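Chain by chain, the residues run as shown.
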Amino acid sequence: QARSSLNPDNSAMQLSAVVQRRPAGGDSSSASGLPEPQQLLGVEGSFSRREGKDSLDLDMNLSGLPAWVLNPLLQPVFDSLDGGLSGELQLLINGSKAELTGYADLSRNRIHVDFLDQSFRLGRRITLLPDRIRFDSVSVSDGLNGTGWVTGSLKHRNLDEFSIDMKVDAQNMQVLNTPPSYRDAFFGTGRATGSAKISGNFNLVDIDVVASTERGTRIELPLDGEGTRSASEFIDFASSSADSSQD
């Protein structure tokens, strides 16, 4: 449902919209016998154009809005986000400048990291500031009893040119689940306890890990594969202290 009205001076258009979803089944008191619709998103605001410059000011109330609406902002590092978002956001666009501020509480959320081929479950609240999306000790799990915390932010410039600056602390978490491929530098399943710092823009991400592997880890390096040729410069093999003492 949406409606709009023009101010008497023709300077701004008032906007109002509601996005609803009608649950399947269940009891209902409506005349039609169908379940009452659930409001997912309410929007109030205005649009104006002055001297060729567009301005948009929207207040949004989220109530279980599907989280996949954020997918275009998170790609290509995160290729899918599902679950629900509830909270209050404000979108301000003035010409080429754009700001999205407010907060969103995560519910039943799962995010998939493409280059790890691993999905993680997220919890708690994220905060949106004019130049970043902030994660304050957001809980994360792998769905297999591994747990951790995410602290940091996704920085951006006018909702574009995203970069990442995050730290992940993990406890026996599955962090890698890639299928066999002799085109990649490595593949396999990895579980770890420790921390990882992730930084850089979305096209070139640096990952600095200080962690120990846990039972169930199996990572393979296809030494005769195409991917290893590009990785050979940063792979070093070192003997353990036990092996060295026998030489």
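Preceding block: the structure.
Bear in mind the structure is a predicted one, so any value in this text is a computation, not a measurement. (Residues numbered from 1 in each chain as written. Predicted model: local features only at pLDDT ≥ 70, side-chain atom pairs only at ≥ 80, totals over all residues. Heavy atoms only, no water.)

Engineer: Just give me the short version of the side chain of D142, but keep the residues and values in it.
Structural biologist: In this structure, D142 sits in the loop between β8 (132-141) and β9 (147-155). Among the residues examined, D142 registers a relative accessible area of 7% and is labelled buried. Looking at D142, its side chain comes within polar contact range of the main-chain nitrogen of G146, at 2.9 Å. Look past the residues within four positions of D142 in its chain and what remains in contact with it is Q118, S119, N172, M173, Q174 and R191. (Helix = DSSP H or I, 4+ residues; strand = E, 2+ residues; numbered from the N terminus. Buried < 20%, exposed > 50% of the residue type's maximum accessible area, 1.4 Å probe, protein only. Polar contact = N/O pair within 3.5 Å; in protein donor to acceptor, adjacent residues only side chain to side chain. Contact = heavy atoms within 4.5 Å.)

Engineer: Give a description of the environment of G52 that names residues and reports values.
Structural biologist: Within the element layout of this structure, G52 appears in the loop between β3 (38-50) and β4 (53-66). Accessibility expressed as a relative area gives 69% for G52, which makes it exposed. Taking the C-alpha atoms as reference points, G52 and G95, separated by 43 residues in sequence, lie 8.8 Å from one another.

Engineer: I'd like to hear about the pattern of salt bridges, residue by residue, with values.
Structural biologist: Any two side chains of opposite charge can pair, so long as their charged atoms come close to each other. On inspection of all chains with the given rule, the structure shows 11 salt bridges. As a salt-bridge pair, R132 and D131 come within 3.2 Å of each other at their nearest N and O atoms. Overall, the relative accessible area of 25% leaves R132 in the partly exposed class. Its relative accessible area of 35% is what places D131 among the partly exposed residues. (Salt bridge = Lys/Arg side-chain N within 4 Å of Asp/Glu carboxyl O.)

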